[in-house]
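# Structural features, examined
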Amino acid sequence: MSLFQVRGGVKLSYRKELSSESPIVHMPTPKRVCIPLQQHVGSPAEPVVEVGQWVGKGQLIGKSGRGISANVHASTSGIVTAIEDHVAPHPSGLTQLTVVIEADGDDRWAELPPPITADFPLPATPKELNDRVAAAGIVGLGGAAFPSAVKLDMRYKYSIDTLVINGAECEPYITCDDRLMRESASEIIDGVRIMAYALAVEQIIIAIEANKPKAVKAMRDAAKADRSIRVVTVPTRFPMGSAQHLLLAVTGRETPADKRTAEVGAVVHNVATARAVSCAIRRGEPLISRVVTVSGFGVREPANVEVPLGTSVEDLLAFCGGLHPVPTLLINGGPMMGAPLPSVHAPVVKGSSGVLALTAAEINEGPESPCIRCGKCVSACPAGLVPVEMAQLIKRGDLQGAKAIGSQDCIACGSCSYICPSHIPLAHYFSFANGKLNALDRDARRQDRIRSLIQARNERAAREAEMKKAAAAARKAAKAATAAAKAAATETTAASTTQMEETT
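Source: prediction; values computed, not measured.

Here we take up the overall build of the chain. What the chain contains, in helices and strands, is 13 helices and 17 strands. By the compact-globule yardstick of 23 Å for 504 residues, the chain is too spread out, its C-alpha radius of gyration being 31 Å. The principal-axis extent of the C-alpha atoms belonging to the chain is close to 130 × 60 × 50 Å. A burial count over the chain gives 47% of its 504 residues as buried. The contacts of the chain with a sequence gap of at least 6 include a subset with a gap of at least 24, amounting to 73%. Looking at the chain as shown, the accessible area adds up to about 24,200 Å², and 54% of this sits on carbon and sulfur atoms. Here the chain contributes 55 positively and 50 negatively charged side chains, and the mean placements of these two sets differ by 4 Å.

This is how it looks when you write it as structure tokens:
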């Protein structure tokens, strides 16, 4: 299968060998799990349990909120001891509403939906499958955490003909998808076929970076029986795992900056998401755990661990032998697009692909110096932007100027910062500017909404005044007509009386 050229990107020191040969191990359930009610894009889930209540493993504890949202389930059985704000795995260090469960040690399942075990064609409609995926609280496990059922529903809004399964895993250190493809290829292929059925697509492409030959072989072996599935290798180049760039590489379709891939006829899902879909359909299990890569030279025993959601990073690191030497930086996710962890008390959530403990020698940091106009950031940018020019505008406070030359098209991959010989934190500038611009946009939309409401109120008041005026005029006319009729009747009566008198 021919591949298409993708612009930009950088070659990295991947360091995947730290964990890539470590089979997935299952972490025992900790004594306590703290499960945030927002682990996904969109509105937070709303709690449906109470403090003191016993919950079973897999029981719904947070129902999806309005609009785009996702359900949240208990990752073990036990007692709900609190529903409170708890530190979130976000660099801001802000808290989120969280359900705290003290495990009872039984790990006893709640009642689950009946499994659908029949082979293809499945005895369920696409809508029934989508509903099952939504009920299971499945989100994109590649890191975006976008509710998967919403993506599957896009077939009703756009003309979808292709399903792309993302096995690129281009971030350094992270190997959880690699191991999952090697060890659970059959489950992944089953989930892929279920999603293809739900989307009603016939073209399925599984794309894996060339530095994972064992995963490629396992997936090709598992997919042999289905001729509609093609497993292709893509170049090892960051950020090949970006959905837009992967789609461009395997189909030649370019996604406009402010559009979704569905708008060019394709939906992209991660391999771990496909496995979660298979578990939800075949076993009725909601999403309550995920595979996390724990790596970096600051952790004693790098590993790939299947972790119950809500487990603290502290417990996970302890399971991997603890920290040694003391790391300089703890990261949630990969080193390029991940974010610093504010605390080891933050929980593992659905979007946590990795926990990295990096030493000073592993961090590409240095004192920032003036730009030497080398242009490396321009060559590296996969979005075709001019990072150095955008950064200068942002430094001068000209956010609208930066926006005009595409700052909001930045995918925050960090390639520009990585390649910059002057150690200018270019990606940080764009994150700051886009955050401010988004806040300004939200404020402008709020102001527009207020103006619309005021205008609607004024128009309604004018209409009501007009109606009152018309009603008053109608009443006046009716009164005049009544008076006229009465006068006419009086005249007629008088005339009749006069005529009778004359006749008499």
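By the secondary structure assignment, Ser 20 is in the segment before β1 (25–26). Separated by 116 residues in the primary sequence, Ser 20 and Ala 136 have C-alpha atoms spaced 29 Å apart. Those residues in contact with Ser 20, other than ones at most four positions away along the chain, are Thr 175, Asp 178, Arg 179 and Arg 182.

Inspection of the secondary structure puts His 90 in the loop between β7 (78–87) and β8 (95–103). Separated by 248 residues in sequence, His 90 and Gly 338 place their C-alpha atoms 9.7 Å apart. For His 90, the residues in contact, after removing those within four places along its chain, are Pro 340 and Pro 342.

Another point: the sheet that holds strand β9 (residues 162–167). An order of β11-β10-β9-β12 is seen for the 4 strands of this open sheet, with the pairing classed as parallel. Two strands in the sheet have a free side with no partner beyond their single neighbour: β11 (229–234) and β12 (266–270). Adjacent strand axes in the sheet meet at a mean angle of 25 degrees, parallel and antiparallel pairs treated alike. Sheet analysis places β9 next to β12, joined by 5 bridges and oriented parallel. Bridge assignment links Val 164 to a residue of β12, and that residue is Val 268. Packed on one face of the sheet, helix α6 (residues 243–251) meets β9, β10 (203–209), β11 and β12 and runs near 115 degrees to β9. Docked against the sheet, helix α7 (residues 271–282) engages β9 and β12, running at close to 85 degrees with respect to β12.

The interhelical angle for the contact between helix α4 (residues 185–199) and α7, taken along N-to-C directions, is 80 degrees, at an axis separation of 7 Å. Taken together, the axes of α4 and α7 lie roughly perpendicular to each other. Contact residues: α4 offers Glu 187, Ile 188, Asp 190, Gly 191, Val 192, Ile 194 and Met 195, while α7 offers Val 271, Ala 274, Arg 275, Val 277, Ser 278, Cys 279, Ile 281 and Arg 282. Of the residues belonging to the contact of α4 with α7, the class tally is 9 nonpolar, 2 polar and 4 charged.

The set of residues buried in helix α5 (residues 213–222) consists of Ala 215, Val 216, Ala 218 and Met 219. Burial along α5 is one-sided: seen end-on, the buried residues are contained in an arc of 165 degrees. Exposed and oriented more than 90 degrees from the buried face of α5 are Pro 213 and Lys 217.

Overall, the coordinates contain 0 aromatic pairs when judged by the stated rule. In this structure, Arg 282 packs its charged tip against the face of Phe 120, placed 5.5 Å from the ring centre.

This brings us to the UniProt feature "binding site: [4Fe-4S] cluster 2" (unreviewed entry) in the chain. Residues annotated in UniProt with the feature "binding site: [4Fe-4S] cluster 2" (unreviewed entry) correspond here to Cys 381, Cys 410, Cys 413 and Cys 416. These annotated residues cover 36 residues of sequence, and their C-alpha atoms lie no more than 10.5 Å from one another, placing them together at a single site. Looking at the secondary structure, you find Cys 381 in the loop between α9 (376–380) and α10 (387–395). On the basis of relative accessible area, Cys 381 is assigned to the buried category, the value being 10%. In this structure, Cys 381 is in contact with Arg 7, Gly 8 and Pro 387, ignoring residues within four places of it in sequence. Excluding residues that lie within four positions of it along the chain, Cys 413 makes contacts with Phe 238, Pro 239, Met 336, Met 337 and Pro 382.

So, on to the state of the cysteines. Per the stated rule, a full pass over the model turns up 0 disulfides. The thiol sulfur of Cys 413 is not disulfide-bonded, and the nearest other cysteine sulfur, from Cys 416, lies at 6.4 Å. Residue class for Cys 413 comes out buried when judged on its relative accessible area of 6%. No disulfide involves Cys 420; its sulfur sits 6.3 Å from the nearest other cysteine sulfur, which is in Cys 374. On the basis of relative accessible area, Cys 420 is assigned to the buried category, the value being 11%.

Within the largest apolar cluster, 77 residues are counted, with the highest numbers of intra-cluster contacts made by Leu 163, Met 219 and Leu 316. Here this core takes 8 residues from α4, the largest share from any one element. Apart from the residues within four sequence positions on either side, Met 219 is in contact with Met 181, Ala 185, Ile 188, Ile 189, Ile 206, Ile 208 and Val 231. Core analysis: the second largest hydrophobic core is formed by 17 residues, Val 388, Ala 391, Leu 393 and Leu 437 among them.

Attention now moves to the pattern of salt bridges. Following the criterion strictly, the structure yields 20 salt bridges and no others. Among the salt bridges present, the one from Lys 214 reaches Glu 21, with a minimum N-O distance of 3.4 Å. In this pair, Lys 214 sits in helix α5 while Glu 21 sits in the segment before β1, placing the two residues 193 residues apart along the sequence. Look at Glu 21 and you get partly exposed, because its relative accessible area is 48%. Taking the shortest distance from any N to any O, the salt bridge between Glu 183 and Arg 179 comes out at 2.9 Å. Placement of both Glu 183 and Arg 179 in helix α3 (residues 176–183) is noted, with a separation of 4 residues, approximately one turn of the helix. The partly exposed category is assigned to Glu 183, whose relative accessible area is 37%.

What counts, and where the lines are drawn
Residues numbered from 1 in each chain as written. Predicted model: local features only at pLDDT ≥ 70, side-chain atom pairs only at ≥ 80, totals over all residues. Heavy atoms only, no water. Helix = DSSP H or I, 4+ residues; strand = E, 2+ residues; numbered from the N terminus. Rg over C-alpha atoms; globule rule 2.2 N^0.38 Å. Buried < 20%, exposed > 50% of the residue type's maximum accessible area, 1.4 Å probe, protein only. Contact = heavy atoms within 4.5 Å. Areas by Shrake-Rupley, 256 points an atom, 1.4 Å probe, with all protein chains shown as cover. Lys, Arg positive; Asp, Glu negative; His and termini not counted. Charge placed at Lys NZ, Arg CZ, Asp CG, Glu CD. Pairing = 2+ DSSP bridges. Axes fitted to C-alpha atoms, helices over the stretch in contact; angles between N-to-C directions. Parallel < 35°, antiparallel > 145°, perpendicular 65-115°, else oblique. Nonpolar A, V, L, I, M, F, W, Y, C, P; charged D, E, K, R; others polar. Arc of directions from axis to C-beta. Phe/Tyr/Trp six-rings, centres within 6.5 Å; stacked < 30°, edge-to-face > 60°. Lys NZ or Arg CZ within 6 Å of the ring centre and 35° of its normal. UniProt positions renumbered as here; feature names shortened; annotations may be inferred. Disulfide = S-S within 2.5 Å. Core = buried A, V, L, I, M, F, W, Y, C linked by side-chain atoms within 4.5 Å. Salt bridge = Lys/Arg side-chain N within 4 Å of Asp/Glu carboxyl O.

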